[in-house]
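Structure at a glance
These are the residues of each chain, in order.
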Amino acid sequence: MNGLRRLLDKLSIYLPLIVMALLALASWWLVRSVPVLLTPEANKPVRQDPDYRLADFSVKSFNASGRMTHEVIGDKAQHYPATEALHIDRVRIYAESDSGAKMNARAEQGIATDDGKQVTLIGNAYAIKHPQETRPQIELQGERLVALPDEDRVVSADPVQITRDHDVFTGNTMDFNSNTGEHVLQGRVRGTLAPKPRKTP
């Protein structure tokens, strides 16, 4: 009996140390385990293949009053979550600004960002700003055009041709305001001005 009591006395001396060791071991396990258990979904690899596909589709945007301002049409499309972009075959675009300026565009392929702020036209890209009041018709042609709908702009870092009525201009880069019709060409810029018709007396 006395031996058992001495053993219990010794254990009571080391009990706090044993409890502290167990707590330290539990803390170490918790620190190592929690990051694995709580890893956010964002850290998972983003899939590189398309997550959905469309065929013969049309996507429309409207302003606060319910008037359609943009429309993107395509034969086929694939959405890639890795780049947050929609890749479109035979893309066609319609846009109308608040001032009533209307524009159509088309290309063999298009890449539209998920936020709708940029549509890149690739392959025989063509855009036309329709005449409005005293402003003439303007056509844009190039291998690649980038439409920025929210800014009413079409830009290109590749050679482009602009036809304004019968006048033709070419340049290495372009910044075109689809609302006002103003454009800036840079690089090797050339222009051909058609003779104006003579006024009859």
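Structural data are supplied above this passage.
Bear in mind the structure is a predicted one, so any value in this text is a computation, not a measurement.

What follows deals with the overall build of the protein. Across its full length, the protein holds one helix and twelve strands. The linear arrangement of helices and strands in the protein, starting from the amino end, is α-β-β-β-β-β-β-β-β-β-β-β-β. A separation threshold of at least 6 residues defines the contact pool for the protein, and within that pool the share at least 24 residues apart is 36%. Here the protein displays about 14,100 Å² of accessible surface, and carbon together with sulfur accounts for 56% of that area.

Counting 26 residues, the largest nonpolar core has Ile 88, Leu 121, Leu 140, Leu 145 and Met 174 as its most contacted members. Of all the secondary-structure elements, those providing two or more residues to this core are strand E2 (68–80), strand E3 (85–96), strand E4 (102–113), strand E5 (119–129), strand E6 (138–148), strand E8 (160–164) and strand E10 (173–177). Sequence-distant contacts of Leu 121, defined by excluding residues within four places in its chain, comprise Val 91, Ile 93, Ala 105, Arg 106, Ala 107, Gln 109, Glu 143, Arg 144 and Leu 145.

Attention now goes to the pairing of E2. One ladder, built from ten bridges, connects strand E1 (residues 52–62) with E2; its direction is antiparallel. Bridge assignment links Ser 58 to a residue of E2, and that residue is Ile 73. The antiparallel pairing of E1 with E2 creates a hairpin that spans five residues between the two strands, and Gly 66 there sits at a positive phi of about 95 degrees. Hairpin connection from E2 to E3: four residues lie between these consecutive antiparallel strands, with Glu 84 at a positive phi of about 50 degrees.

Okay, the side chain of Ser 156 next. Inspection of the secondary structure puts Ser 156 in strand E7 (residues 153–156). With a relative accessible area of 6%, Ser 156 lands in the buried category. Within polar-contact distance, the side chain of Ser 156 engages the backbone oxygen of Asp 158 at 3.0 Å. Setting aside anything within four residues of it in sequence, one finds Ser 156 in contact with Arg 144, Leu 145, Thr 173 and Met 174.

Reading the values: rules and limits
- Residues numbered from 1 in each chain as written.
- Predicted model: local features only at pLDDT ≥ 70, side-chain atom pairs only at ≥ 80, totals over all residues.
- Heavy atoms only, no water.
- Helix = DSSP H or I, 4+ residues; strand = E, 2+ residues; numbered from the N terminus.
- Contact = heavy atoms within 4.5 Å.
- Areas by Shrake-Rupley, 256 points an atom, 1.4 Å probe, with all protein chains shown as cover.
- Core = buried A, V, L, I, M, F, W, Y, C linked by side-chain atoms within 4.5 Å.
- Buried < 20%, exposed > 50% of the residue type's maximum accessible area, 1.4 Å probe, protein only.
- Pairing = 2+ DSSP bridges.
- Polar contact = N/O pair within 3.5 Å; in protein donor to acceptor, adjacent residues only side chain to side chain.

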